[in-house]
Amino acid sequence: MGGDVLSTPWREMPSNKTSDLEYLTDYKPQNSECQHLRVLLCGPLGGGKSTFINSVDSVLKGRITGRCPVDTTARDTFTKTYKTYRFHKGSPRAFYSFVFNDTMGIGSDANSGICVEDIKLAMMGHVRDGYEFKGKPLAEGSESYNADPTLNDKVHVLVYVIPAFFIPIMTEEAIEKMREVRLAARDLGIPQLAIVTKVDWEDAMRHENIKNVYKSKSLKNQIEDVSAILGLSVNSIFLVKNYESEVSVNDDVDALILGALRQMISCGEDFLDDL
Ligand SMILES: Nc1nc2c(ncn2[C@@H]2O[C@H](COP(=O)(O)OP(=O)(O)OP(=O)(O)O)[C@@H](O)[C@H]2O)c(=O)[nH]1
Ligand SMILES: [Mg+2]
């Protein structure tokens, strides 16, 4: 997993932490029917979806938190429940005006992981919080099925969470499932972005070198691979290192997370604004 580190970056490292934080703090959907913007995370099992939610919480709080349960044994699918995560702004009952939904991972064969139909139902706002994913899609008429979703319940931006070095080992079945999700999001008009996590798996990017991620040729290739598989433009794909074992936050890690987060919110806002 080694790779060349170029002397000049192929994309600027995000460096506007203060302005990104301000943007996120002040953000409110312009659309008056909507109280909060909803981001849906999906992607392969163990890709770092739940850890990304924790990372966002840590960046916003300025300290490491661990609200969303994650799998540290990396054996099997870990997230089994559909859940909305809000982020506290500091004072009681004050929340950021964006929320995240975590999903069960997409499996590498036909019978593992989330049913793609459930991702589609979630995008349309039909899945109620607390729903336990099963081997079959959520049935219309069941208790967890929201038959009459409001704009607040619907998803406003879809984010794929893909770990670095994953695309070459993806199975045909997993590619097909992602394709199905992509086409469903397209038909619903929902904007789509991706983050490539675990960039620290690239040997040259460990620890203090995270600031060099946008100089890594190998990580540039990762983004191009994700772009080819998901049909997203390379400028909608961002490199991220999640907080997975750290005890304190770090400026470079924060910058990557905040830069990606800001893009998610502004794309979702464009979608809401156009409705
Ligand atoms: N080194 C490193 N490890 C990470 C990163 N992001 C997540 N991990 C680890 O990857 C493992 C899986 O992370 P999760 O957040 O549970 O992944 P998930 O996508 O929610 O997985 P499912 O719920 O099973 O689909 C955990 O052990 C995390 O600590 C990262 O950026 N770098
Ligand atoms: Mg998870």
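Our structure's up above, just so we're on the same page.
The structure displayed is predicted, hence computed values, not measured ones.

Chemist: What am I meant to see in the packing of aromatic side chains here?
Modeler: For any pair of aromatic rings, the description rests on two quantities: the centre-to-centre distance and the angle between the ring planes. Applying the stated rule across the entire model yields eight aromatic pairs. Geometrically, the ring pair formed by tryptophan 10 and tyrosine 214 is edge-to-face, given 5.2 Å between the ring centres and 75° between the ring planes. Of the two residues, tryptophan 10 is situated in the segment before helix 1 (17–26) and tyrosine 214 in the loop between strand 5 (192–197) and helix 5 (217–230); the sequence distance between them amounts to 204 residues. The buried category is assigned to tyrosine 214, whose relative accessible area is 4%. Counting every residue linked through ring pairs, the aromatic cluster contains Phe52, Phe87, Tyr96, Phe98 and Phe100.

Chemist: Is there a simple way to think about the coordination of the magnesium ion (ligand 2) in this case?
Modeler: Six octahedral donors around a metal ideally sit at 90 or 180 degrees from one another, while four tetrahedral donors ideally sit at 109.5 degrees. Within the protein, the atoms that donate to the magnesium ion (ligand 2) are Ser50 (OG) and Thr79 (OG1), at distances of 2.0 to 2.1 Å. Highlighted residues: serine 50 in helix 2 (residues 49–61) and threonine 79 in the loop between helix 2 and strand 2 (83–85), separated in sequence by 29 residues. According to the relative accessible area criterion, serine 50 is buried, its value standing at 8%.

Chemist: I tried to follow the environment of valine 155 on my own but got confused; where do I start?
Modeler: Residue placement: valine 155 occurs in the loop between helix 3 (116–123) and strand 4 (157–163). Look at valine 155 and you get buried, because its relative accessible area is 1%. Sequence spacing of valine 155 and methionine 124 is 31 residues, and the spatial spacing of their C-alpha atoms is 6.6 Å. Setting aside its immediate chain neighbours within four residues, valine 155 contacts Arg38, Leu40, Ala122, Met123, Ile190 and Phe271.

Cut-off values and rules
- Residues numbered from 1 in each chain as written.
- Chains lettered and ligands numbered in written order.
- Predicted model: local features only at pLDDT ≥ 70, side-chain atom pairs only at ≥ 80, totals over all residues.
- Heavy atoms only, no water.
- Phe/Tyr/Trp six-rings, centres within 6.5 Å; stacked < 30°, edge-to-face > 60°.
- Helix = DSSP H or I, 4+ residues; strand = E, 2+ residues; numbered from the N terminus.
- Buried < 20%, exposed > 50% of the residue type's maximum accessible area, 1.4 Å probe, protein only.
- Donors = N, O, S within 2.8 Å, 3.2 Å for Na, K, Ca; no water.
- Contact = heavy atoms within 4.5 Å.

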